[in-house]
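So you can see what is in the structure, the chains are spelled out below.
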Amino acid sequence: MTGLMDIQFKYDNLLKEIKSLAPFEPETALILGSGLGGFANVVNTIKSIPTADLNGYPESTVQGHKGYIHFAEHNNKKLLIFQGRIHFYEGYKIYECVLPVLIAYKLGCKNLILTNAAGGINQNFNPADLMLITSLNTINIKKEITDLVGLTSLDSKNRSLDFPSQKISNAIKQAALSEKIPLKEGVYYFTKGPSYETPAEIKMMQMTSNDAVGMSTAHEALFGLTLGLQVAAVSCITNMAAGISQVKLSHTEVMETAEVVKEQFEKLIKKTIELL
Ligand code: HPA
C-alpha cells in the first residue's frame, strides 16, 4: 500500500457498503479512546453497525474497544462515532489504522475529533485531567504516514501546520468554560508501543517539552489533515507516565481512570458539538 489511491481502491467495497448503510450524511466524526466508548450511549443513536459485520474491516483486539460505527445525532448535529480504534501496536498496518478517518471523509464529514487515553508527562497534570492537544509529536510515525499519503501532500501544502483546527479547538475551550471543566493544554507524543515507556524514555520526552504520551491519534490526525478535514484532539490523562509516579502502569489503571473522568469527558464533547 503506497498511496492514497491504493487505500481507497483497497477499501472500495467496504466504503460502498458503509455508504449504502448510512442513514444520513454526518458532519462530525469522533474516534473514542480507551475507556471513553460510553460517549456513544449519551447521544441519540440512529444506527449502529458492528464493525465485525463489515467485510474487510480490521478487528480491534484491545479490551475497552468495542467495534461499532454509530450514526448519531446531538443537538441537530449529525455525528459519526467510532467506538473502537485500530491501533498500530496491535500489529495493524498504517493504512488499516487510518481507515476510520477515510470512512469519515468518504461519508462527507468535515470535522474530526480524536480522543484518547494518555499518560501524563507534565508534572502539573494529574490523572483524570482532560487535555486539549495543541501540537502533535509525530516523529515516530512520519515515515509510515508519508509513505501512505505521499511526501508532497504533507509537505507542499504544509497541512500538518493546520492542527489543531481553530474552529474545533475554540469550541472545545468554550465548552470547557461553560461546563466549568478544567482543561489542560499540551503536546502529545506518539509512540508505537506496544509496551508502556521506560522512565528514561519519559524523561527524554519531558526534557523535549512533551506533556502527554500515547499510542494513537497522531497518524489519524495527519491523515485527516491530508484529506482536508478540520481536526482537533482531546486526551484523557489516565495515569502519570512511567517514572513520574510510583504507581505501576497498567491498562486496568487506564480503564479505571477513564471511568472516573467519563462524565466530564462526555459533557465536554457534547457541549463542543453544540458549539460547532
Ligand atoms: N503511555 C502510553 N500510552 C498510554 C499511557 C501511557 O502512560 N496511558 C494511556 N495510554
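As a reminder, the structure under discussion sits directly above these lines.
Now for a quick tour of the structure.

1. Re the overall build of the protein chain
No. 1: Tallying secondary structure elements over the protein chain gives 10 helices and nine strands in all.
No. 2: Whereas a compact globule of 276 residues would reach a radius of gyration of roughly 19 Å, the protein chain reaches 17 Å, a difference of no more than 12%.
No. 3: Judged by the C-alpha coordinates and their principal axes, the protein chain covers about 50 × 40 × 35 Å.
No. 4: In the protein chain, buried positions account for 56% of the 276 residues.
No. 5: Considering only intrachain contacts with a sequence separation of at least 6, the fraction spanning at least 24 residues in the protein chain is 82%.

2. So, the pattern of salt bridges
No. 1: Inspection of every chain in the model, using the stated rule, returns eight salt bridges.
No. 2: The shortest N-O distance in the salt bridge between lysine 192 and glutamate 144 comes to 2.5 Å. In this pair, lysine 192 sits in the loop between β7 (183–190) and α8 (199–207) while glutamate 144 sits in helix α5 (residues 142–149), placing the two residues 48 residues apart along the sequence.
No. 3: Residue lysine 192 is classed as partly exposed on the basis of its relative accessible area of 29%.

3. Re helix α4 (residues 99–106)
No. 1: Among the eight residues in α4, six count as buried, and that is most of the element.
No. 2: The complete set of buried residues in α4 reads Leu99, Pro100, Val101, Leu102, Ile103 and Ala104.

4. A short note on the site of the ligand
No. 1: As a structural note, the neighbourhood of the ligand is formed by Ala117, Ala118, Gly119, Tyr196, Glu197, Val213, Gly214, Met215, Thr238, Asn239, Leu249 and Val254.
No. 2: At 3.3 Å, a backbone N or O of glycine 119 approaches a nitrogen atom of the ligand.
No. 3: When the free accessible area of the ligand is taken as 260 Å², the share hidden by the protein chains comes to 95%.
No. 4: Sorting the residues of the shell around the ligand by element identifies β5 (111–120), β8 (212–214) and β9 (230–240) as the ones contributing at least two each.
No. 5: Considering each element in turn, the shell around the ligand owes the most residues, three residues, to β5.
No. 6: The residue inventory of the shell around the ligand, partitioned by class, reads seven nonpolar, four polar and one charged.

5. Some words on the packing of aromatic side chains
No. 1: For the structure shown, the criterion picks out two aromatic pairs.
No. 2: Ring centres of tyrosine 11 and tyrosine 95 lie 6.4 Å apart, and the angle between their planes is 50 degrees; this geometry places the pair in the tilted category. Pair noted here: tyrosine 11 is in the loop between α1 (4–10) and α2 (12–21) and tyrosine 95 is in helix α3 (residues 94–97), with a separation of 84 residues, a long-range link. Each member of the pair, tyrosine 11 together with tyrosine 95, is buried.
No. 3: Consider the rings of phenylalanine 24 and phenylalanine 71, whose centres lie 5.7 Å apart with planes at 85 degrees: the pair is edge-to-face. With phenylalanine 24 in the loop between α2 and β1 (28–32) and phenylalanine 71 in strand β3 (residues 68–74), this pair connects stretches of sequence that are 47 residues apart.
No. 4: Its end group placed over the ring of tyrosine 11, lysine 10 keeps NZ or CZ at 5.6 Å from the ring centre.
No. 5: A cation over a ring is seen here: lysine 78 above phenylalanine 24, with NZ or CZ 5.5 Å from the ring centre.

6. Points about the packing of α2 against α4
No. 1: Taken N-terminus to C-terminus, the directions of α2 and α4 make an angle of 50 degrees; their axes are 10 Å apart at the nearest point. Taken as axis vectors, α2 and α4 run oblique relative to one another. In this structure, α2 meets α4 at a crossing whose hand is right-handed. Mapping the contact onto sequence places Leu14, Leu15, Ile18 and Lys19 in α2 and Leu99, Leu102, Ile103 and Lys106 in α4.
No. 2: A per-class count over the contact of α2 with α4 returns six nonpolar, no polar and two charged.

7. With respect to the pairing of strand β4 (residues 77–83)
No. 1: With six of seven residues buried, β4 lies mostly within the body of the structure.
No. 2: Here seven bridges tie β3 to β4, and the two strands are oriented antiparallel to one another. Within β4, the position partnered with alanine 72 by the bridge is leucine 79.
No. 3: Following β3, the chain reverses through two residues before pairing antiparallel with β4; asparagine 75 in that reversal takes a positive phi of roughly 55 degrees.

What counts, and at which threshold
Residues numbered from 1 in each chain as written. Predicted model: local features only at pLDDT ≥ 70, side-chain atom pairs only at ≥ 80, totals over all residues. Heavy atoms only, no water. Helix = DSSP H or I, 4+ residues; strand = E, 2+ residues; numbered from the N terminus. Rg over C-alpha atoms; globule rule 2.2 N^0.38 Å. Buried < 20%, exposed > 50% of the residue type's maximum accessible area, 1.4 Å probe, protein only. Contact = heavy atoms within 4.5 Å. Salt bridge = Lys/Arg side-chain N within 4 Å of Asp/Glu carboxyl O. Near = heavy atom within 4 Å. Polar contact = N/O pair within 3.5 Å; in protein donor to acceptor, adjacent residues only side chain to side chain. Areas by Shrake-Rupley, 256 points an atom, 1.4 Å probe, with all protein chains shown as cover. Nonpolar A, V, L, I, M, F, W, Y, C, P; charged D, E, K, R; others polar. Phe/Tyr/Trp six-rings, centres within 6.5 Å; stacked < 30°, edge-to-face > 60°. Lys NZ or Arg CZ within 6 Å of the ring centre and 35° of its normal. Axes fitted to C-alpha atoms, helices over the stretch in contact; angles between N-to-C directions. Parallel < 35°, antiparallel > 145°, perpendicular 65-115°, else oblique. Left-handed = near helix turned anticlockwise from the far one by under 90°. Pairing = 2+ DSSP bridges.

Read these as spatial facts, not as claims about activity.
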